Amino acid sequence: MNRFPFLLLSLLLLAPATVLAQQTAERSAAYTVETGDRWLDAQLQDINHYAERYPDAFLDEVARYADVPRGYISALFTTHGWQAGDIYFACFWAKASGQTCRDSVRAFSQNPEGGWEAVVTRMAVKPENGHVRAVRHAVVASFAHWDRPITLDATLKRQLNR
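Rules behind the numbers
Residues numbered from 1 in each chain as written. Predicted model: local features only at pLDDT ≥ 70, side-chain atom pairs only at ≥ 80, totals over all residues. Heavy atoms only, no water. Phe/Tyr/Trp six-rings, centres within 6.5 Å; stacked < 30°, edge-to-face > 60°. Helix = DSSP H or I, 4+ residues; strand = E, 2+ residues; numbered from the N terminus. Buried < 20%, exposed > 50% of the residue type's maximum accessible area, 1.4 Å probe, protein only. Salt bridge = Lys/Arg side-chain N within 4 Å of Asp/Glu carboxyl O.

### Focus: the packing of aromatic side chains
Argument step 1. On inspection of all chains with the given rule, the structure shows 10 aromatic pairs.
Argument step 2. Taken together, a centroid distance of 6.4 Å and an interplanar angle of 55° make the contact between tryptophan 82 and tryptophan 116 tilted. Placement of the pair is tryptophan 82 in the loop between helix H5 (70-78) and helix H6 (84-97) and tryptophan 116 in helix H8 (residues 115-122), with a sequence separation of 34 residues.
Argument step 3. Taking relative accessible area as the criterion, tryptophan 82 reaches 11% and is therefore assigned buried.
Argument step 4. You can call tryptophan 116 buried: its relative accessible area is 1%.

### Remarks on the pattern of salt bridges
Argument step 1. Per the counting criterion, the structure on display carries seven salt bridges.
Argument step 2. Between arginine 136 and aspartate 37 there is a salt bridge, with the nearest N and O atoms lying 3.0 Å from each other. Linking arginine 136 in helix H9 (residues 129-145) with aspartate 37 in the loop between helix H2 (25-30) and helix H3 (38-53), this pair joins segments that are 99 residues apart in sequence. This pair shows no difference in class: arginine 136 is buried, exactly as aspartate 37 is.
Argument step 3. Here aspartate 153 ties to arginine 136 by a salt bridge, and the two come within 2.3 Å at their closest N and O atoms. Separated by 17 residues along the polypeptide, aspartate 153 in the loop between H9 and helix H10 (154-160) and arginine 136 in helix H9 bring together distant segments of the chain.
Argument step 4. Taking relative accessible area as the criterion, arginine 136 reaches 6% and is therefore assigned buried.

Next comes the structure, spelled out in structure tokens:
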């Protein structure tokens, strides 16, 4: 009897459970992020909670809208233990600043001291207000894609005329 099809099917059925196991409520509760933007930090924490329940939707969102291979971010999420909020920020910051997600991941991995606020200042492209604005707008768009409620701060209300 050929067991290969059975083993392959078993692995495929277990794959989503493996992803889900990586972002737990305990990890999300302990997660802190320092981007230098309090509103953005709160949303990244919420993204962690979203990824606990909907890991595939989270990975699809980042892959599709940050233009990052899904396999790469899935490996960060499942194999390397990255928090969903950090993956989101790394990839959308890279897109906003014209770099690759790998550049952001490498910079954070090499020296996470000071959180994302400090990491982005050490990257090849120096941070500008437009980069932060683009990431904030990406978050609003992602929450809309996920049909997830979001509270805009005064700046975003003005920018988005809501």
